[in-house]
Amino acid sequence: TAASSSVPSLWTELRRAGAVARSMLIDAAARRWGVAPANCETRAGTVRHGPHGRVLGYGELANEAALSRVPLRVELKPRWAFTLIGKPVPRLD
């Protein structure tokens, strides 16, 4: 990991990759449900359609999302919405 500098040096690219994946997963779920992607959100490894309480896990959507068009532009998650970044997380090793 190059002296633990991979994440700091690739921060923007990694955030963009996550946003692209999130967008593709949301699009896959929205197509399956026949709803607008704007009415869906991601949380804890799932895509949720709040108005109807529907939930699909990322694993359930991965194949379908992988066949989707990769968006050229995505909105990055705002810092206030981070759930893990900046929080202490115990190491597993």
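Preceding this section is the structure that the text describes.
Since the structure is predicted, the reported quantities are computational estimates derived from the model, not experimental observations.

(A) Representation of the nonpolar core. The biggest cluster of nonpolar side chains holds 13 residues, and the ones touching the most others in it are A29, W33, C40, V47 and L61. Those elements that place two or more of their residues in this core are α2 (11-33) and α3 (58-66). For this core, the element with the most residues is α2, which contributes eight residues. Residues within four places of W33 in sequence aside, it is in contact with C40, V47, R48, H49, R54, V55 and L56.

(B) Summary view of the sheet that holds strand β2 (residues 46-49). Ordered by their spatial adjacency, three strands build an open sheet running β1-β2-β3, and the pairing between neighbours is antiparallel. The two strands at the open ends of the sheet, each matched to only one other strand, are β1 (40-43) and β3 (54-57). Adjacent strand axes in the sheet meet at a mean angle of 25 degrees when their direction is disregarded. Pairing geometry for β2 and β3, over four bridges, is antiparallel. Looking at β3, one finds that V47 is bridged to L56. Strands β1, β2 and β3 of the sheet are contacted by α2, whose axis makes an angle of about 45 degrees with β2. Contacting β1, β2 and β3, α3 crosses the sheet at an angle of about 75 degrees to β3.

(C) A look at the pairing of β1. The pairing of β1 with β2 spans four bridges and is antiparallel. Along β2, the bridge assignment pairs T42 with V47. Counting the residues between successive antiparallel strands, the hairpin from β1 to β2 contains two residues, one of them, A44, with a positive phi of roughly 50 degrees.

(D) Geometry of α2. Compared with the 33 Å implied by 1.5 Å per residue over 23 residues, the 33 Å span of α2 between its first and last C-alpha is a close match. Those residues of α2 not exposed but buried are A19, V20, M24, L25, I26, A28, A29, A30 and W33. Against β1, β2, β3 and α3 lie the buried residues of α2. Count one or two residues on from α2 and you reach G34, which has phi positive near 70 degrees.

(E) Expanded view of the environment of P51. Looking at where P51 falls in the secondary structure, it is placed in the loop between β2 and β3. Take P51: its relative accessible area is 59%, and that puts it in the exposed class.

So, how was this worked out
Residues numbered from 1 in each chain as written. Predicted model: local features only at pLDDT ≥ 70, side-chain atom pairs only at ≥ 80, totals over all residues. Heavy atoms only, no water. Core = buried A, V, L, I, M, F, W, Y, C linked by side-chain atoms within 4.5 Å. Buried < 20%, exposed > 50% of the residue type's maximum accessible area, 1.4 Å probe, protein only. Helix = DSSP H or I, 4+ residues; strand = E, 2+ residues; numbered from the N terminus. Contact = heavy atoms within 4.5 Å. Pairing = 2+ DSSP bridges. Axes fitted to C-alpha atoms, helices over the stretch in contact; angles between N-to-C directions. Expected span 1.5 Å × (residues − 1).

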